[in-house]
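For reference, the chains in residue letters:
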Amino acid sequence: MTAVMFIVFLVCLVLSFPVAIAMGIAAITPGIVDPTFSADVVYIIRAMVVGIDSTPILAIPLFILSGTIMAQGGISGKLFDVFAYFLGKRTGGLPCAVIVTCLFYGAISGSGPATCAAVGAMTVPLLVSLGYEKSFCSAIVATAGGLGLIIPPSISFVNYALVTGTSVTSLFTAGILPGCLIALFLMAYCYFYCRSHGEDKAKIAQNCAALHSRSLGRVFKEGFWALLSPVIILGGIYSGIFSPTEAACISVVYAVIVSVWIYRSVSLKRLWSLILESVQSCAPLCALLALATAFSRVLTMLNAPQALAEFISGSIASKVSFLILLNIALLILGMFIDGAPAILILSPLLMPIAANYGIDPVHLGVIIVCNLTIGLASPPFGLNLFVASSTTGSPVMEIGKKVIPFILMFLIALILITFIPQISLCLI
């Protein structure tokens, strides 16, 4: 019956059904084929309701809303100015400042594509005007934009926690060092690229002089409220003052205060359209989560996770071999499947298998999310490639060529994260 479910699921995908609808059809298939099977249509509907009837899921639309408000509020530009002030004069300093901006903005938006779009729209035209190649700049934001999936608060980690029962706070904490490590590897490539290809030092010096003429105090003052956002959100979570869901509520209130009354870059009238925009972004994800819950429960009733765990444990002798195959499979899937459905489908199946090899569920979550983050920027179908292309005007294939060295640096970091669990777990 499990095989029938997956065949129906794959056929629906081939026929271009939305992933959520494909999972729903596959979930009701066993009940249709075998009327005695307890997972009938009523059970599926109840499982869908239970899947979204939880407090943690509220964090997803709220983080999306706060990220949307801050994107409209020009937060990315103010963050970039702060980092460019310190890094701009160094070799590869401005591209590195873009990566650090993505790192911090990811802690505000919680979304890879949102980070790519917001940071790319502001920084790429500036870097191009300073002599950097447009496709290279687009490749930076396409790759570094994915850090929004790893740096807390991450919507991907919330999705993983919802379907596996893992602590959201632990996942957020585990994402800090891997995200910073990946950013350092990407910055190292930017340094060597700019050193070997050269930079227009005169234009860069002129831009840095204009930035420094505003004084550190003024630049820091303008970027202070943007820098304070992740401090408030993450500091409150890790100190135990509020839960991740409450942090999402606070992030929305903070985003409104900063964007409407401090920076005055968003009007009160504009807020309603931003709320509608966030609802449109969140609704498909919530439907996907509801149907993924029903899909995974039916699989559990069929003992599919346990059977798969026994099969893989009997076929793969060592933990190292399993981790290598896991990374290869996730990297390939990440090129073709969006991160949210991949997490919701695969995580419940992989949990018992990883447990057999003694892999911590938090570490497993970091591995899954890091792999799928690479898929966001991987040719030919990486979502961030298309986001960067539409934002900067560079052809997707040109960005795809320039992004390959960044992906290689990402892979080196992924190997370290996979085989040195302490990178993810030492802060928990």
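### So, the environment of Pro-379
Argument step 1. Tracing the chain through its elements places Pro-379 in the loop between helix H19 (361-377) and helix H20 (383-392).
Argument step 2. As for Pro-379 and Gly-400, which are separated by 21 residues in sequence, their C-alpha atoms are 5.5 Å apart.
Argument step 3. The contact partners of Pro-379, leaving out residues within four places of it in the chain, are Met-335, Leu-385, Gly-400, Val-403 and Ile-407.

### Remarks on the pattern of salt bridges
Argument step 1. Under the definition given, this model contains 5 salt bridges.
Argument step 2. Of the charged contacts in the structure, one is a salt bridge between Asp-81 and Arg-214, with a shortest N-O distance of 3.5 Å. Of this pair, Asp-81 sits in helix H5 (residues 75-87) while Arg-214 sits in the loop between helix H12 (201-213) and helix H13 (216-238), and the two are 133 residues apart along the sequence.
Argument step 3. The salt bridge partner of Glu-133 is Lys-402, with a shortest N-O separation of 3.1 Å. Taken together, the residues span a long stretch of sequence, with Glu-133 in the loop between helix H7 (112-129) and helix H8 (134-144) and Lys-402 in helix H21 (residues 396-419) at a distance of 269 residues.

### Here's the deal with unusual backbone geometry
Argument step 1. Across the junction of Pro-152 and Pro-153, the peptide omega takes the value 0°, indicating a cis bond.
Argument step 2. Considering the arrangement of structural elements, one finds Pro-153 in the loop between H8 and helix H9 (155-164).
Argument step 3. You will see that Arg-264, though not glycine, has its phi angle at about 55°, which is positive.
Argument step 4. Turning to its location among the elements, Arg-264 is positioned in the loop between helix H14 (244-262) and helix H15 (268-301).

### A few points about the side chain of Thr-101
Argument step 1. Within the secondary structure, Thr-101 is located in helix H6 (residues 93-109).
Argument step 2. Relative accessible area serves as the criterion here: at 0%, Thr-101 is assigned to the buried category.

### Some details on the nonpolar core
Argument step 1. Among the nonpolar cores identified, the biggest contains 155 residues, and Ile-75, Ile-99, Tyr-132, Ile-182 and Phe-322 are the most heavily contacted of them.
Argument step 2. In terms of residue count, H15 provides more of this core than any other element does, 12 residues in total.
Argument step 3. If we skip the residues at most four places from it in the chain, Ile-75 touches Met-70, Tyr-105, Ile-108, Ala-226, Val-258 and Tyr-263.

### Describing the packing of helix H1 (residues 2-14) against helix H2 (residues 19-33)
Argument step 1. Two numbers describe how H1 lies on H2: the axes approach to 8 Å, and their chain directions differ by 150°. Between H1 and H2, the interaxial angle falls into the category roughly antiparallel. Crossing geometry of H1 relative to H2 is assigned as right-handed. Between H1, through Val-4, Met-5, Val-8, Phe-9, Cys-12 and Leu-13, and H2, the contact on the second element is made entirely by Val-19, Ala-22, Met-23, Ile-25, Ala-26, Ala-27, Thr-29 and Pro-30.
Argument step 2. Split into classes, the residues belonging to the contact of H1 with H2 amount to 13 nonpolar, 1 polar and no charged.

### Concerning helix H3 (residues 41-52)
Argument step 1. Its 12 residues place the ends of H3 17 Å apart at the C-alpha level, agreeing with the 16 Å of an ideal helix rising 1.5 Å per residue.
Argument step 2. Listing the buried residues of H3 in full gives Ile-44, Ala-47 and Gly-51. Looking straight down H3, one finds that the buried residues subtend no more than 60° of arc, so they occupy a single side.
Argument step 3. Those residues of H3 that are buried lie in contact with H2 and H15.

### A look at the environment of Ser-229
Argument step 1. With respect to the secondary-structure elements, Ser-229 resides in helix H13.
Argument step 2. Measuring from C-alpha to C-alpha, the distance between Ser-229 and Ile-108 comes to 6.8 Å, with 121 residues separating the pair along the chain.
Argument step 3. Residue contacts for Ser-229: discarding those within four places in its chain leaves Met-70, Ile-108 and Tyr-254.

### Some remarks on the side chain of Ser-135
Argument step 1. Counting through the fold element by element, Ser-135 comes out in helix H8.
Argument step 2. The class for Ser-135 is buried, based on a relative accessible area of 4%.
Argument step 3. Looking at Ser-135, its side chain comes within polar contact range of the side chain of Glu-133, at 3.2 Å.
Argument step 4. Among all residues touching Ser-135, those that are not within four sequence positions of it are Ser-394, Glu-398, Ile-399 and Lys-402.

### Observations concerning the state of the cysteines
Argument step 1. One pass over the full model with this rule turns up 0 disulfides.
Argument step 2. Free of any disulfide, Cys-180 has its nearest neighbouring cysteine sulfur in Cys-426, separated by 11 Å.
Argument step 3. Here Cys-286 is not disulfide-linked; the sulfur of Cys-282 is the nearest cysteine sulfur, at 3.5 Å.
Argument step 4. Here Cys-286 falls in the partly exposed class, since its relative accessible area comes to 21%.

Cut-offs and rules
Residues numbered from 1 in each chain as written. Predicted model: local features only at pLDDT ≥ 70, side-chain atom pairs only at ≥ 80, totals over all residues. Heavy atoms only, no water. Helix = DSSP H or I, 4+ residues; strand = E, 2+ residues; numbered from the N terminus. Contact = heavy atoms within 4.5 Å. Salt bridge = Lys/Arg side-chain N within 4 Å of Asp/Glu carboxyl O. Buried < 20%, exposed > 50% of the residue type's maximum accessible area, 1.4 Å probe, protein only. Core = buried A, V, L, I, M, F, W, Y, C linked by side-chain atoms within 4.5 Å. Axes fitted to C-alpha atoms, helices over the stretch in contact; angles between N-to-C directions. Parallel < 35°, antiparallel > 145°, perpendicular 65-115°, else oblique. Left-handed = near helix turned anticlockwise from the far one by under 90°. Nonpolar A, V, L, I, M, F, W, Y, C, P; charged D, E, K, R; others polar. Expected span 1.5 Å × (residues − 1). Arc of directions from axis to C-beta. Polar contact = N/O pair within 3.5 Å; in protein donor to acceptor, adjacent residues only side chain to side chain. Disulfide = S-S within 2.5 Å.

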